[in-house]
Structures are given as structure tokens and as C-alpha cells.
Amino acid sequence: MEYFAEETRRARLNFPLDHRRVDLRLVYAIVEVKKAAARTYAELGVDPDLYDAVASACDRVLAGQADDQFVTQALQGGAGTSTHMNVNEVLAGMASEQLGRPVRAIDDVNRGQSTNDVYPTALRIAAIRGVRQLSEECARLQESLQRRENEFDDVRKLGRTELMDAVPVTLGQEFGASAQAIARDRWRIYKVEERLRQVNIGGTAVGLSDTADRRYRFRVIEVLRQQTGIGLAAAEYPMDVTQNNDVFVEVSGLLKALAVNLMKLSNDLRLMASGPYGGLGEIRLQPLQRGSSIMPGKVNPVIPEMCMQCAMRVIANDTAITLAAAHGEFELNAFLPLVADSLLESLHLLTRACSIMREKCIDTLTADEARCRQLLDHSLARATSFVPALGYETVTAVITEGGTPEQVIAQLESMAAERREHDHGQA
């Protein structure tokens, strides 16, 4: 049975992209706004039976009983009107069925509302929930990296700068540095919720509240706050929130920062696990699947590769959000559907990527201490430690003269010992 009606059918005809449907998290958030509006009108004595039926229809939708009814494409013209009307029509159809008399999508379900205050408010609710989930996953990934920091604290290895041999470090220190980066991401993402809490519900078309009952405007935000458990606040200047979407650009920028750190971590893991015989081979990733349909025994670093692709998509989404937000001409942004789809996808991808990286990579990898020691011992990493005693030019000259790393280090040790004896004699 189809609960939606003419406006939804028009949207399907107008935007046959066959790309993907609107994100259900956004749909559910819109339904929550509708439920708060319905409960508010019932409290105010505006046709309580009708609005009780609308609220009941909202509950059925939020319970997942009508997912197949939300059929609009994620990308659509009209600033989200098609999705908003899809929700209005579905709720009207379900409420009519329960009430036994017609419930109108616009005059009843959408009373005192507009796409321009419902859709942005719903996106903020969906984004806050996504931000909270992502922050929790960042915390778990941080803790996993910190456990590895402690476990590998005694595994000495060759440090590298610009992929070239540098100075000795420990494997634990490398994981600890990554943990610090994820910790910053966690804190930034956690704090950005504050900027998402201001909503323009009640502002109707352009933020002037010109078609909404004054009692409704002041009550609906309180009902929505209680209903969602989120500390939402009425925007101080609703017109600003209606037309300007810089807050979503800010959130997306922080997601991009996390994506950058995840990509860096993933690539480091790929390099440390490379080989296992022709590469670095300092760590072993859990073998999860065959790495080749022709080369026997080949195993690829599939989890880091997956995470890197998620990060690339998030960075691409950030560009899309930036462009869409910049094109919000005058009193409304027509491209909010692209902002919503891109932002919710980024939140979801990063949340899942952090979880999968932790469970299937960080928690399961092992260190090859012998290989780490071998690469360190057969390098000139220790040469830098002789610079204070012998001077940079002297150490460089010894290295340039050639010889195996073991011979060079032995010569530097001998020269440093002679210098200490000389200095002691002078003293």
C-alpha cells in the first residue's frame, strides 16, 4: 500500500536519477520534528484527535513500519521540498487510516511549518546523533592505539623521515603519536555539537515566523528538546539559520581532519606491513582474505585500504558541502539536499571505518620484533647520536667514506671514546 500521494509521485518523475534514496536517518529526524509539532498542537487544543493520530503515525514510522514509503532521491531540486512532502503525505495517509477521516498533508500535518525550517532542523538533529556516535568510535580507536603504545613500548625500530632512515624510535611511540591525533579528532568532533544545537523550527519560510502561531513557536522547541533528549535551542536569529549553512561546513571540515589522520595512519600501517619479504615487514596484519586470484599466498592490507578509500570519499564530500553551502543565495539554500546527503554519508563512513579499523586491524596486528631489530641494526640510525661529541661534519665524513653500517658505527664509537679520553685528560 502506498501512503504517499501526488507530490511524491511528481518528485519521482522529476528526479529519476536512480542514484540512491534519501537517507532514512534524515527522514526519521523530519518525522521527529513532525511528531513534536503534532504534540504541540494537541497540547494547545488544536483538533487533539487529529494530532494524536499524526503523532501515532510518527511513532509507527520511527518504529520502521514504513521505510518503503520514503522514495525520493537524495539529490533533488527544491531545497528538500520533495522529501518533506513525501513525509507529510505518508503521515497524512497513515493518520487518515487510523482516524477514519481525511488528514491533509499540508494544512494539517504541515500546519505552521515549512521545508525551510523543518528540513534544516531535522538535519541538525541527525547530524548531532551522527557526531555523538562518531565521537564514541574515535574514543574506542584512541584507546586501542594507546593499548598498542603500551604493549610495543620496548620494540625498538628504525624511525623514518621522508621515507628515509632517520633515528631510533619504538613501535609504541609511533602508535602513541597516532593515538594523540585521534584524541584531537575526538575532542573537536565532540565539541562541534554545540554549534548544531541552534535550530530554526518555527521560523517557517525565511525565519520570520510569519505563518506560525506564536504559542506553537515557543512550545514546539521545548517538546522537540524533551522528545529527542538533545539540548536544542531556538536560534537567536532564525533568518540566519535558515539561509546560512556554514555550521555544516565547519562540521565537515572537522570530519575531513579525521579523514586525513585516518588516511595517514592507514598508509603507515600498509608500509610497515609491506612485504613480507621484499618490504619492511615490521608488523603483521591479520590475514583476512586472498590477496590475488593468481599469486598464491599473497595477502593484502585490505582494512587500511578500505579506510583510505572512506577518507577519500569524506574529503570529496567536504568539497561538495563547501560548494553547496557557498551557493545559498539570499534567504534560502537550494542545495541543502546535497549538504545533507554528503554530511550524513561522511559521518556514517567515518564511524564504521573507525570501528572496523579498531576491530580488524589495530586490535589484531602483531609486531615482528626480530625484523624491527634487524632493520635498526643494519642502519645508520645511531649515527646521529654521535653528533654532539664529534660534530655534524665529522660524522658525515665517516659515513661518506663508506663501509657497512656496522663498520661505520664501530668507527664512530671508537672516535667518540678517543674524544672522551682526550677531554678527560684536558680536564
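Above this text is the structure in question.
The rules behind these values
Sequence order sets the numbering: in each chain, residues are counted from 1 along the sequence as written. In view of the model being predicted, local features appear only for residues whose pLDDT reaches at least 70, and side-chain atom pairs are presented and counted only at 80 or more, with totals across whole chains, interfaces and linings using the full set of residues. Hydrogens and water are ignored here; the side-chain numbers use all heavy atoms of the structure. In this text, helices come from DSSP runs of H or I with a minimum length of four residues, and strands from runs of E with a minimum of two, each type numbered from the N-terminal end. Here the globule rule is a power law, 2.2 Å times the number of residues to the power 0.38, and the radius of gyration is based on C-alpha atoms. Throughout, exposure labels follow a simple rule: accessible area from a 1.4 Å probe, protein chains only, divided by the maximum for the residue type, with under 20% read as buried, over 50% as exposed, and the rest as partly exposed. When checking whether two residues touch, look at their non-hydrogen atoms; a contact exists if any pair is within 4.5 Å. Exposure was quantified through the Shrake-Rupley algorithm and a 1.4 Å probe, taking into account, for residues, occlusion by the shown protein chains and nothing else. When charges are counted, Lys and Arg contribute as positive and Asp and Glu as negative, whereas His and the chain ends are disregarded. To locate a charge, the coordinates of NZ of Lys, CZ of Arg, CG of Asp or CD of Glu are taken. Among the buried residues, those of types Ala, Val, Leu, Ile, Met, Phe, Trp, Tyr and Cys that are joined through side-chain atoms within 4.5 Å form a nonpolar core. For helices, the fitted axis covers only the stretch in contact; all axes are lines through C-alpha atoms, and the angles between them, taken along N-to-C directions, range from 0 to 180 degrees. Should an angle lie under 35 degrees it is considered roughly parallel, over 145 roughly antiparallel, and from 65 to 115 roughly perpendicular; all remaining angles are considered oblique. The crossing is said to be left-handed when, going from far helix to near helix, the turn is anticlockwise and less than a right angle, and right-handed when the turn is clockwise. Classes in brief: Ala, Val, Leu, Ile, Met, Phe, Trp, Tyr, Cys and Pro nonpolar; Asp, Glu, Lys and Arg charged; the others, Gly included, polar. Here, expected helix span is obtained from the residue count minus one, scaled by 1.5 Å. Residues adjacent in sequence count toward polar contacts only when both atoms are side-chain atoms; beyond that, a polar contact is any pair of N or O atoms within 3.5 Å, and within protein one must be able to donate a hydrogen and the other to accept it. Take a side-chain nitrogen of Lys or Arg and a carboxyl oxygen of Asp or Glu: if they are within 4 Å of each other, that pair is a salt bridge.

A word on the overall build of the protein chain
Inference 1: The helix and strand tally for the protein chain stands at 16 helices and 6 strands.
Inference 2: Relative to the compact-globule value of 22 Å for 427 residues, the protein chain shows a C-alpha radius of gyration of 30 Å, a clear excess of over 25%.
Inference 3: Expressed along its principal axes, the backbone C-alpha trace of the protein chain runs to roughly 100 × 55 × 35 Å.
Inference 4: Relative to its full complement of 427 residues, the protein chain shows a buried share of 48%.
Inference 5: In the protein chain, the share of contacts with a sequence separation of at least 24, taken over all contacts with a separation of at least 6, comes to 77%.
Inference 6: About 20600 Å² of surface is accessible on the protein chain, with carbon and sulfur atoms providing 51% of the total.
Inference 7: Here the protein chain contributes 48 positively and 58 negatively charged side chains, and the mean placements of these two sets differ by 3 Å.

Quick notes on the nonpolar core
Inference 1: Judged by nonpolar contacts, the single largest core of 102 residues is most densely connected at Leu26, Val54, Leu134, Leu255, Leu258 and Leu269.
Inference 2: Beyond its immediate chain neighbours, meaning those up to four positions away, leucine 269 contacts Phe175, Ile283, Pro304, Met357, Cys361, Ile362 and Leu365.
Inference 3: Core analysis: the next-biggest nonpolar cluster, separate from the first, contains 9 residues, Ala383, Leu390, Val395 and Ile409 among them.

Quick notes on the packing of helix α3 (residues 48–62) against helix α4 (residues 81–99)
Inference 1: Packing of α3 against α4 leaves a shortest axis separation of 8 Å and a crossing angle of 120 degrees. Of the possible angle classes, the one that applies to α3 and α4 is oblique. Crossing angle aside, the handedness with which α3 passes α4 is right-handed. Judged by residue contacts, Asp49, Leu50, Ala53, Val54, Ser56, Ala57, Cys58, Arg60 and Val61 of α3 engage Leu91, Met94, Ala95, Glu97, Gln98 and Leu99 from α4.
Inference 2: Within the contact of α3 with α4, the residues separate by chemical class into 10 nonpolar, 2 polar and 3 charged.

A look at the side chain of threonine 83
Inference 1: Mapping threonine 83 onto the fold places it in helix α4.
Inference 2: Classification of threonine 83 by relative accessible area gives buried; the value is 1%.
Inference 3: The contact partners of threonine 83, leaving out residues within four places of it in the chain, are Val22, Ile30, Thr72, Gln73, Gln76 and Tyr119.

Remarks on helix α6 (residues 115–151)
Inference 1: An ideal rise of 1.5 Å per residue puts 54 Å on 37 residues; α6 measures up with 53 Å between its terminal C-alpha atoms.
Inference 2: The N-cap of α6, judged by a side-chain oxygen 3.0 Å from the amide nitrogen of asparagine 116 a few residues on, is serine 114.

Observations concerning the packing of helix α2 (residues 24–43) against α6
Inference 1: α6 packs onto α2 with a crossing angle of 120 degrees between their chain directions and a minimal axis gap of 8 Å. Taken together, α2 and α6 sit at an angle that is classed as oblique. By crossing handedness, the relation of α2 to α6 is classed as right-handed. Judged by residue contacts, Arg25, Leu26, Ala29, Ile30, Glu32, Val33 and Lys34 of α2 engage Val118, Tyr119, Thr121, Ala122, Leu123, Ile125, Ala126 and Arg129 from α6.

Side note on the environment of threonine 83
Inference 1: Through-space distance from the C-alpha of threonine 83 to that of glycine 279 is 52 Å; in sequence the pair is 196 residues apart.
Inference 2: For threonine 83, the side chain forms a polar contact with the side chain of threonine 72, separated by 2.8 Å.

Re the pattern of salt bridges
Between side chains of opposite charge, a pair can form when the charged atoms approach closely.
Inference 1: Within the structure shown, the criterion is met by 34 salt bridges.
Inference 2: Here arginine 195 ties to glutamate 250 by a salt bridge, and the two come within 2.8 Å at their closest N and O atoms. A residue pair is termed long-range when its members are at least 10 positions apart, and arginine 195 in helix α7 (residues 171–196) and glutamate 250 in helix α10 (residues 246–272) qualify at 55 residues.
Inference 3: For arginine 195, a relative accessible area of 39% gives the class partly exposed.
Inference 4: Here arginine 215 ties to aspartate 213 by a salt bridge, and the two come within 3.4 Å at their closest N and O atoms.
Inference 5: For arginine 215, a relative accessible area of 46% corresponds to the partly exposed category.

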